[in-house]
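Observations on the model geometry
Take a look at the letters that make up each chain.
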Amino acid sequence: MSHLSALSLLVRDYDEAIAFYVGKLGFDLTEDTDLGGGKRWVRVTPKGGQTSLLLALASTDAQRAQVGDQAGGRVWLFLQTDDLMRDHADWSAKGVHFREAPRHESYGKVVVFEDLYGNAWDLIEPA
């Protein structure tokens, strides 16, 4: 058996990314290990989830240019919830930017939001 354990996400700063994912979205800070030389191994995981985001500090000009645009402007990450309207209201109050109003699709409720860098995410409550 196997599963996807982590996905790397380029960030400008570890602490500002932790503040967003943990403080605004309610993810768990799964790991924050100092690797020396300014590098850290930082993982944040949605509550109850198996797959974490590995917050990777952009360290070259090419990497810094990709922060917030890892998918070329497309929705890249998909976060499933059991109550989209609850999360939409909570996150809106915390300043999370939504690109649209929640909508109903054949597969359930969905709304597109942006992380602190502008990466597009789908928040989905399955039908």
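The structure displayed is predicted, hence computed values, not measured ones.

Let's shift gears to the nonpolar core. Formed by 28 residues in total, the largest nonpolar core has its most connected members in Tyr21 and Leu55. Counting only elements with at least two residues in this core, the list comes to β1 (6-11), α1 (14-24), β3 (39-45), β4 (52-57), β5 (75-80), α3 (84-93), β8 (108-114) and β9 (120-126). Per element, the largest residue contribution to this core is 5 residues, and it comes from α1. Here this core spans two domains, and each of domain 1 (1-67) and domain 2 (69-126) adds at least three residues to it. Dropping the residues within four chain positions of it, Leu55 is found in contact with Leu9, Val11, Tyr14, Ala17, Ile18, Tyr21, Val42 and Val44.

In terms of burial, β4 is largely enclosed, as 5 of its 6 residues are buried. One ladder, built from 6 bridges, connects β1 with β4; its direction is parallel. By the bridge assignment, Ala6 is partnered in β4 with Ser52. Sheet topology note: the β3/β4 ladder contains 3 bridges and is antiparallel. Along β4, the bridge assignment pairs Arg43 with Leu54. Connecting β3 to the next strand, β4, in antiparallel fashion are 6 residues, including Gly48 with a positive phi near 80°.

Calculation notes
Residues numbered from 1 in each chain as written. Predicted model: local features only at pLDDT ≥ 70, side-chain atom pairs only at ≥ 80, totals over all residues. Heavy atoms only, no water. Core = buried A, V, L, I, M, F, W, Y, C linked by side-chain atoms within 4.5 Å. Buried < 20%, exposed > 50% of the residue type's maximum accessible area, 1.4 Å probe, protein only. Helix = DSSP H or I, 4+ residues; strand = E, 2+ residues; numbered from the N terminus. Domains from an automatic or database assignment. Contact = heavy atoms within 4.5 Å. Pairing = 2+ DSSP bridges.

Limitation: the analysis is restricted to geometry and does not speak to function.
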